[in-house]
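Fold and contact review
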Amino acid sequence: MQPNSEANGTAITEFILLGLVETPGLRPLVFVLFLFAYMVTVGGNLSILAAILVEPKLHTPMYFFLGNLSVLDVGCISVTIPSMLSRLLSHKRTIPYGACLTQLFFFHLLVGVDCFLLTAMAYDRFLAICQPLTYSTRMSQVVQKILVAMSWACAFSNALTHTVAISTLNFCGPNTINHFYCDLPQLFQLSCSSTQLNELLLFAVGFIMAGSPLALIVTSYAHVAAAVLRIRSVEGRKKALSTCGSHLTVVTIFYGTGIFNYMRLGSVKLSDKDKIVGIFNTVINPMLNPVIYSLRNSDVQGALWRVFMGRRSLA
């Protein structure tokens, strides 16, 4: 995909990604750290997926969504980190215009699906705790697959909208991106044409695609909290909240970094702080998810142990 300089005034055919550090002496350290983080993230999420597949106890809607989330986390980190590691090895910091837009598209696609899956998981907890008698019918395998398919469809529409919108902008001046991957805020800064409509589009679509899921998550957990407060036994409350705590932690990190990254366009100049947020979005979040969901979950821990030891569950 190449820009058409005659049609839309775009003369730039590639961008320069400055990466995380500009000091040559620090690049080997950055390479080792992020290679390790990438291997840990991929290994951790694939281990969670393997545990869900082999452990009958985990063949439930909640873990079906968690398995899908693990696949997304592997995809999300794979969209950005391998290319960054490749540039560190080759000492080549350029990325073609088409490759930059492709990376942007897949990043927003996977993050978008992630957003909707977190909403589906909140809805699952709402049904399990607040509507236990009808849970099995309301969250059947067909419903689970429909929710996943809808998540992909909505995220695809969102990613395609932003990619097409950014492709209409003119890039004829500086082509240096102070980041380690291509994303909307950084490309807005480089555009020769007005980005006002693009920023309004980001806010509007973001409100619908992220605000609505967040509202559903908050509503679901408001009902869950009310239902848990009606449980008299302490053990009953702990059991009801066992999976909710992990999910809420992931939601908080996911939306916290997302809001900081995208909801302040035009208010401040982009800086190295955005690289830190980018690390959270692309590395820390996917790496922490397996830890968060397995830390206080004996079923997941037991399944992971059996996966590592090559044993089959007796259940």
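Residues numbered from 1 in each chain as written. Predicted model: local features only at pLDDT ≥ 70, side-chain atom pairs only at ≥ 80, totals over all residues. Heavy atoms only, no water.

Things to note about unusual backbone geometry
Residue H91 is not a glycine yet carries a positive backbone phi of 60 degrees. Tracing the chain through its elements places H91 in the loop between α3 (61-90) and β2 (94-96). (Helix = DSSP H or I, 4+ residues; strand = E, 2+ residues; numbered from the N terminus.)

Topic: the sheet that holds strand β3 (residues 176-177)
Pairing is mixed across the open sheet formed by three strands, whose spatial order is β2-β1-β3. If you trace the sheet from one side to the other, it starts and ends with β2 and β3, each paired once. Pairing between strand β1 (residues 14-17) and β2: three bridges, direction antiparallel. Across the sheet, residue F15 finds its bridge partner in β2, namely I95. (Pairing = 2+ DSSP bridges.)

Here we look at the nonpolar core
Counting 62 residues, the largest nonpolar core has F34, L66, L118, M121 and Y293 as the members making the most contacts within it. Taken together, the elements giving at least two residues each to this core come down to α2 (27-54), α3, α4 (97-130), α6 (141-167), α8 (196-229), α9 (234-262), α10 (273-295) and α11 (298-309). When sequence neighbours within four positions are dropped, the list of residues in contact with L118 reads L69, I217, H247, V250, V251, F254 and Y293. (Core = buried A, V, L, I, M, F, W, Y, C linked by side-chain atoms within 4.5 Å. Buried < 20%, exposed > 50% of the residue type's maximum accessible area, 1.4 Å probe, protein only. Contact = heavy atoms within 4.5 Å.)

A word on α6
Taking 1.5 Å as the rise per residue, α6 with 27 residues should run 39 Å; its terminal C-alpha atoms sit 39 Å apart, in good agreement. Where α6 is concerned, the buried positions are Q144, V148, S151, A155, N158, A159, H162, T163, A165, I166 and S167. (Expected span 1.5 Å × (residues − 1).)

A word on a nonpolar patch on the surface
Among the surface-exposed residues, L26, L29 and L33 lie close enough to one another that they form a single nonpolar patch of about 280 Å² accessible area. Among the secondary structure elements, L33 is positioned in helix α2. (Patch = residues over 30% accessible without salt bridge, like charges linked within 9 Å, V, L, I, M, F, W, Y side chains within 5 Å. Areas by Shrake-Rupley, 256 points an atom, 1.4 Å probe, with all protein chains shown as cover. Salt bridge = Lys/Arg side-chain N within 4 Å of Asp/Glu carboxyl O.)

So, the pattern of salt bridges
Throughout the structure, instances matching the rule amount to two salt bridges. A salt bridge links E55 to R306; the nearest nitrogen and oxygen atoms lie 2.4 Å apart. Of the two residues, E55 sits in the loop between α2 and α3 while R306 sits in helix α11, which places them 251 residues apart along the sequence. On the basis of relative accessibility, which here comes to 1%, the residue E55 falls in the buried class. Put simply, R125 and D124 hold a salt bridge, and the shortest N to O gap is 2.7 Å. With respect to class, R125 is no different from D124; both count as buried.

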